Amino acid sequence: MAGFSSLIPLKRAFTSATRNLTAPSASISVARNLFTGGGCDEIYGWFSISVMISKTVLWNFLNPYDLKLIVGEPGVFSHSNGIRKYNTLGNTGALTAPFHHLLRVNQTNKPAFLRVQSMSYQFVADSHASPKRIVKTEDEQDFSDSSKKENAETPRKHQIGENIPKKDKIKFLVNTLLDMEDNKEAVYGALDAWVAWERNFPIASLKRVIAILEKEHQWHRMVQVIKWILSKGQGNTMGTYGQLIRALDMDRRAEEAHVIWRKKIGNDLHSVPWQLCLQMMRIYFRNNMLQELVKLFKDLESYDRKPPDKHIVQTVADTYELLGMLDEKERVVTKYSHLLLGTASDDKPTRSSRKKKKPELRIPEAATEGAAKAELQEELKENLDNHQESEATTEKQSEHGADDASIPDLRTVCNGQWVLDMFGQKMAGEDLVFAVNGEKFEVLSVNPSTTLLEFLRSNTPFKSVKLSCGEGGCGACIVILSKYDPVLDQVEEYSINSCLTLLCSINGCSITTSDGLGNTEKGFHPIHKRFAGFHASQCGFCTPGMCISLYSALSKAHNSNNSQSSPDYLTALAAEKSIAGNLCRCTGYRPIADACKSFAADVDIEDLGFNSFWRKGESREEMFKKLPPYNPDKDLVTFPDFLKEKIKCQHNVLDQTRYHWSTPVSVAELQEILATTNSSKDRGLIKLVVGNTGTGYYKEEKQYGRYIDISHIPEMSMIKKDDRGIEIGAVVTISKVIDALMEENTSAYVFKKIGVHMEKVANHFIRNSGSIGGNLVMAQSKKFPSDITTLLLAADASVYMINAGRHEKLRMGEYLVSPPILDTKTVLLKVHIPSWIASSTTGLLFETYRTALRPIGSALPYINAAFLAVVSHDASSRGIIVDKCRLAFGSFGGYHSIRAREVEDFLTGKILSHSVLYEAVRLLKGIIVPSIDTSYTEYKKSLAVGFLFDFLYPLIESGSWDSERKHIDGHVDPTICLPLLSSAQQVFESKEYHSVGEAIIKFGAEMQASGEAVYVDDIASLPHCLHGAFIYSTKPLAWIKSVGFGGNVAPVGVMAVITFKDIPQVGQNIGYISMFGTGLLFADEVTISAGQIIALVVADTQKHADMAANLAVVEYDSRNIGTPVLSVEDAVKRSSLFEVPPEYYPEPVGDISKGMAEADRKIRSVELRLGSQYFFYMETQAALALPDEDNCLVVYSSTQSPEYTQSVIATCLGIPAHNVRVITRRIGGGFGGKAIKSMPVATACALAAKKMQCPVRIYVNRKTDMIMAGGRHPMKITYSVGFRSDGKLTALALNMLIDAGCDVDVSLVMPQNIMNSLRKYEWGALSFDIKVCKTNLPSRTSLRAPGEVQGSYIAESIIENVASSLNMDVDVVRRINLHNYESLSKFYKQVAGEPDEYTLPLLWDKLEISADFRRRVESVKEFNRCNIWRKRGISRVPIIHQVVHRPTPGKVSILNDGSVAVEVAGIEVGQGLWTKVQQMVAYGLGMIKCEGSEDLLERIRLLQTDTLSMAQSSYTAGSTTSENCCEAVRLCCSILVERLKPTMNQILENARSVTWDMLIQLAYAQSVDLSARTFYKPESSSAEYLNYGVGASEVEVDLVTGRTEIIRSDIIYDCGKSLNPAVDLGQIEGAFVQGIGFFMYEEYTTNENGLVNEEGTWDYKIPTIDTIPKQFNVQILNSGHHNNRILSSKASGEPPLLVAASVHCATRSAIREARKQYLSWNCDSGDHTDVSDIGFELPVPAIMPVVKQLCGLESVEKYLEWKTYP
Ligand SMILES: Cc1cc2nc3c(=O)[nH]c(=O)nc-3n(C[C@H](O)[C@H](O)[C@H](O)COP(=O)(O)OP(=O)(O)OC[C@H]3O[C@@H](n4cnc5c(N)ncnc54)[C@H](O)[C@@H]3O)c2cc1C
Ligand code: FES
Ligand code: FES
């Protein structure tokens, strides 16, 4: 049993004990046990009593105090959070009283008793901080030694006990203890007593304490003491502040010292002693706060203060030098040259009393310790007793000498801002202590709204935790949370998100990040290695989160099979599902899934995809051997021992005052806390919190006065099962609820069904921290579209609540309609779900439904439902009768989940039949009434109908029930057959250009997986870095009257609001530059589109900047400005067009009139519309700007266009380009979105840095990024097409209106790009009229395959239409119209290349075989014949994509050790550019053919792009940058090889061979220039070329829900001779999946003002692992030599995206089948005719509501009608 001091805080213990046990005799007997060790074997200091006094004496003391101790045996609550708590209690106050009695009566024992008392207090105070000293028996106690065992360094605080000793007693005690000055432990004991009992301590005595603390270097305690004195309004003098600053400095809390300086001293520098100023300067200097240092000095100068000695001047001069401010240095040196030359009278170290000499003249370095001490005494006397000003005089040279070189230690973080919150507050209770990657972190004060992510990213060196969405929807930020249960001695670990988890809630926990699993230094984890080997990391931004998800699954598998410690229990399905909540925009998930499955026991290793571990054809054994081994005993993390010890000794209760965070451990205590709030409206000032995941949805920015963490209340954490049902505490996490509901021994079928459904709620890391209660409260009070309420409503669950001691139980239905409990002080305690058991004659049915964009979670449902029915047989009719039913629906846009009572009543007692069901669904439609602001209302109604149909229809058809029934007629619950990906890539590697052509692992892939790879926001910035956030327009066209904040009060932290007015006069308001022009940085007087940048808020933190930008008030005036152009039609009407330069306007082909005349048939004026798409790069726009010397700036930018960025910044600031160094190392995904749109971000950042003269960082939040990004160009297309009866096309005429938005950007390339891909078919004649419209909508930009994807799709859409009108197989029409070389040359002219380069027909035929296309076409037909509610389609599409080479520089330098540094202009955006370049350099230098040159690969390092080093770097876009860079470095290598050859030959004259190292050494000695830079300029005749590919996809459509599932996709792509097949494969798969997003999922829309509607992961759904093709086969065609290509290679970055149109076409084909079937259901009634004919256009994206609508929103009714009235 644990000792009481490690248990519940004493105050609670006392309350509880007195409540539970009042009989004195009982108490005493327990007390006896306590004192003798009986029943309590770990009791601290109190035992010491028994050493010194007999038990008899003790009884005499105890008796009069009527001790109320103990509550018998420790009660153990089963605590779902894995922590057990005991209720054995003690009474501090009662126990301390005897000692005072003792002290009074027995003065002879004074010293001993004092020590005892001290230690007792210490133990009380220390009970949660220090390692326990276990005392078994009286004999084992050695009290005198105990003090040595205490960890004196650990700050100790404690909850306040009751019956605290009187002030005089403490005073007496402490003073006596202080007498024993040699015993510092006694002092600490006294201090801890002082802290524990609310510092009821005489201030005057503290001067002695401070002196001792200083002597003992107890800086932390010293800070506490001084702050407390100040908080009491005393000692408010310069001297005290001096002491405080010094102590803070020594405690390595420079930031705090700075804050105190700024707030308390720095405002009036008239009389601040120079000594103190010097001290502050030292702090600044040591902590690299150089800007502050020079600011302080300037401030002093502005007060006309003259520096007293040369040291100060020297320090300031040095600082200016370090800052590169040489002019200033010069000025200072000149101005104070007399001091530097030693003419000052005060250059000698002197020391004297303040009264004798002016403080400015004191030089602390010379102070002797004795003098310092004497002075300290004097000062303290003055400070504390007389409250007069004194000097700070405590600095000791030796101490500072030791610290001078040290850097502030982040591991004991105390952010200045946070400390300021607590300044002057009392400090009691426990500190926030936790571990990150095994290291201890102690946070002494923190704003309670701080998230774990904020802390990790700004206060630790671990940067693998990335911010991407900030709302729990992407998985980039996830970490492993480990909790230790001291009773079971067990560690529980699971994944959580860090962006919503509050820091205070992880007290006592251990956090593991991906860089904690392994890293460059300690070696990578097998997960990292396998991610690298399976090529599962491209840009790498998502990869650490992915690794954590997999790790979490491995750990779970391991721990659930503890007895067999092998990884063998991770199934392939679990491995795949582990990453279901993680988003990746680059890879397409397939390689990630393979990396995950490689850890699974049941995977067939041969099914794993392409990797760098083994070669095709190797045996299974060989394959296994080559996988990086995984050993759970070694590779799973362990819980840090120090934290275990802390947990054993403490109770996880944070100091409420400091942290504004309460951790009640009983409902009673919670009630007590809530009772302190006065009225119901006070509830707003406090917040109950469990997982805090609710803020992911509601984005609360409200500041709460206090957080109450209710997750530690045992009554609310329990799960109890009995015959009547299951009771679940409100704070139990959803994951634990699932586990409990799905437990093997649970016979309850209803529970299991609920569990299965709950597995689709959110994602694993939200389920691991989000509680069931939190969900129910959000649903009840905030209209949250909950799944759980629907489930519980159907299962007739009840909730238990408490308010002001009044308990209430409500059934779910009542609960949902009761007043919002968040408006009251009501607490939800638990949920009860009753057991449902069918009798022998009845059947119990329970089904749950949800339809969401992602089948296995991570998406809110359009609607959900849960149905329960008790049914029985009707003997007479042999039908099934509904005895009872509960039909619940939720999430459809109503206020909360509801029951369809009318339908329930209607069905009850009815025998099920088609007509009954028909009536029921008609009734239901009237009940499901979404609110008017709900989208897809009709769709939602149709889903409700579909669910009910699905529930009851099988009973009608089969006449029986079966609880595990299969769905008939083909409609399946998507989750029944969970995805299991398989892939079978065939990749051709080539050794011809070793190591080019080999599938080597991506450069830095393991580092990306571990999270060490540095992105812009990971760059550590200098102190005092400011942060920016954009204020954007919400109006399309208006005058901007003002920009400000409500009440004209700047929100906290705001330093400046920068607008166009802040642009220097010599500069320009320019935000970007493209080949077509420039655009504004800030809107000036007028805004021309919603989303346009108006201003940049600059604040001290990113959080403050974001909050302030959100609060900004922009006043608009729409008068006298005209109406905005908000559509392309309007733009045309008003001639608002951008002029396309002739060279960018494509040429028509042939004679359109002639072509039309040749046509047998024509389809005229068909209209198509295509929407936009957002990039969804995982790393949003980011920049960091650092002012540099001489009006220069260094700007780190996440950009694809560093050179343009440099030029824009220079133009904006009016400085030469050489003053601007733009550096880009890698970016976390770009996809074109960081080509132009990154420039304004970097420019605004640079402008702010210039203006504020300090570093400024901008990391745009997801919502702002989405609003400003622009995305793909929407367009309207109208076409007329002529064709012959055999399907041969003769003419196509198009009119296109492209919405470019408000700015030109790169929009003028669109006509050409669209036409380039559209020309893939032989149209006969082709004519077009393309207008690029200028609207007041967001400016659109390039997104992977801009224009090409639309062009390719338009072509397919037309072909589909032609085939449909001819009733021909569309595949045949496609084939007929594929180009031959001749027609290709007509449509593409010289770009067509050589005849043998035209591989499209070959690919077409190859795919037919590899995809088994013909057979599958037949089986799809068969499938459609057999299934009513599922239809399939299969489609094959060709693509042609034109690319162009661009001039590119490159530089290769061989260093003296033979290593090679390479610079290229191209940016590593995840496309593997660095890897290909690395290979090319190895190949190029290898041409020297010396020994070892074939192993050069590892010796090559790619450097970040730096615009001053790599001029003319242009931009990275258009798919060819990798090739261009490769060619540039190849040319460099050729030069170097030529230069090295003479040296080589020279060596070979005397030696048989030469090694690379020898060669380089000699070349160095001979001064051979080993650095070469080239500028690759492609031949104009071969700069452009065509890429070819073919893809076939098979899609299944669920006619009830409109859900689409990609059964299989096959792609063949011609990569020429791939430079790196692994990289190209990744590009193909990734592009294809991004294309799926465009065609099937991603809606990027604007409202009536043109403001983007979608704001983040809640409403923008990129593909996830469960929405990619279930079978995904990619083949790279090695098409041999291409003379004009770089080592015969071809591009792979963008073209494959076009192939994703195959998915859309296959969907269209399936819908066509559905419509045919619909029309075949002819019936008499004919009420439902929402599908009138087979012809239709399938919009893009083909999201579920769209698909369902085209299949017939009323298909169920129609079918039932048809069945009822055939
Ligand atoms: C990305 C994401 C996806 C999601 N997807 C789904 C989904 O598909 N389906 C679905 O149903 N839900 C979904 N959710 C909601 C999720 O289930 C809830 O966020 C979670 O259950 C809330 O629990 P929590 O412990 O984090 O609550 P908190 O965020 O800590 O609290 C939520 C609110 O409830 C109050 N509160 C909490 N507990 C109590 C109590 N016992 N008594 C009184 N007040 C209390 C809090 O004060 C707060 O106002 C999703 C959430 C996220 C972030
Ligand atoms: S950043 Fe936390 S889940 Fe996306
Ligand atoms: S690698 Fe996954 S987002 Fe880039």
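What you see is a predicted model, and the numbers here were worked out from it, not measured in a lab.

### A look at the overall build of the chain
Here is step 1 of the chain: Counting its secondary structure elements, the chain contains 63 helices and 43 strands.
Here is step 2 of the chain: By the burial criterion, 65% of the 1766 residues in the chain qualify as buried.
Here is step 3 of the chain: Restricting the contact set of the chain to residue pairs at least 6 apart, pairs at least 24 apart contribute 78%.

### Description of unusual backbone geometry
Here is step 1 of the chain: Going from Val1740 to Pro1741, the amide bond is cis rather than trans, its omega being 0°.
Here is step 2 of the chain: With respect to the helices, strands and loops of the structure, Pro1741 is situated in the loop between helix 61 (1701–1720) and helix 62 (1744–1752).
Here is step 3 of the chain: The backbone of Asn1191 sits at a positive phi, close to 65°, despite the residue not being glycine.
Here is step 4 of the chain: Tracing the chain through its elements places Asn1191 in the loop between strand 28 (1182–1188) and strand 29 (1192–1197).
Here is step 5 of the chain: Notably, Gln1253 is not glycine yet its phi reads approximately 55°, a positive angle.
Here is step 6 of the chain: In this structure, Gln1253 sits in the loop between helix 48 (1238–1252) and strand 31 (1256–1259).

### A closer look at the packing of aromatic side chains
Here is step 1 of the chain: Enumeration according to the criterion identifies 48 aromatic pairs in this entry.
Here is step 2 of the chain: Ring centres 6.0 Å apart and planes at 45° place the aromatic pair Tyr1759 and Trp1762 in the tilted group. Placement of the pair is Tyr1759 and Trp1762 together in helix 63 (residues 1755–1764), with a separation of three residues, close to one helical turn.
Here is step 3 of the chain: For Trp1762, a relative accessible area of 28% corresponds to the partly exposed category.
Here is step 4 of the chain: For the cation-ring pair, Arg1272 lies above Phe1638, with the distance from its terminal atom to the ring centre recorded as 5.0 Å.
Here is step 5 of the chain: Positioned over the ring face of Phe1413 is Arg1436, at 4.5 Å from the centre of the ring.

### Side note on the environment of Tyr589
Here is step 1 of the chain: Topologically, Tyr589 is positioned in the loop between helix 26 (572–577) and helix 27 (590–597).
Here is step 2 of the chain: Along the primary structure Tyr589 and Ala536 are separated by 53 residues, whereas in three dimensions their C-alpha atoms are 7.6 Å apart.
Here is step 3 of the chain: The contacts of Tyr589, once residues within four sequence positions are left out, are Met546, Asn582, Leu583, Cys584, Ile1662, Pro1663, Thr1664, Ile1665 and Ile1668.
Here is step 4 of the chain: Here the side chain of Tyr589 touches Pro1663 through a polar contact of 2.7 Å, landing on its backbone oxygen.

Conventions used here
- Residues numbered from 1 in each chain as written.
- Chains lettered and ligands numbered in written order.
- Predicted model: local features only at pLDDT ≥ 70, side-chain atom pairs only at ≥ 80, totals over all residues.
- Heavy atoms only, no water.
- Helix = DSSP H or I, 4+ residues; strand = E, 2+ residues; numbered from the N terminus.
- Buried < 20%, exposed > 50% of the residue type's maximum accessible area, 1.4 Å probe, protein only.
- Contact = heavy atoms within 4.5 Å.
- Phe/Tyr/Trp six-rings, centres within 6.5 Å; stacked < 30°, edge-to-face > 60°.
- Lys NZ or Arg CZ within 6 Å of the ring centre and 35° of its normal.
- Polar contact = N/O pair within 3.5 Å; in protein donor to acceptor, adjacent residues only side chain to side chain.

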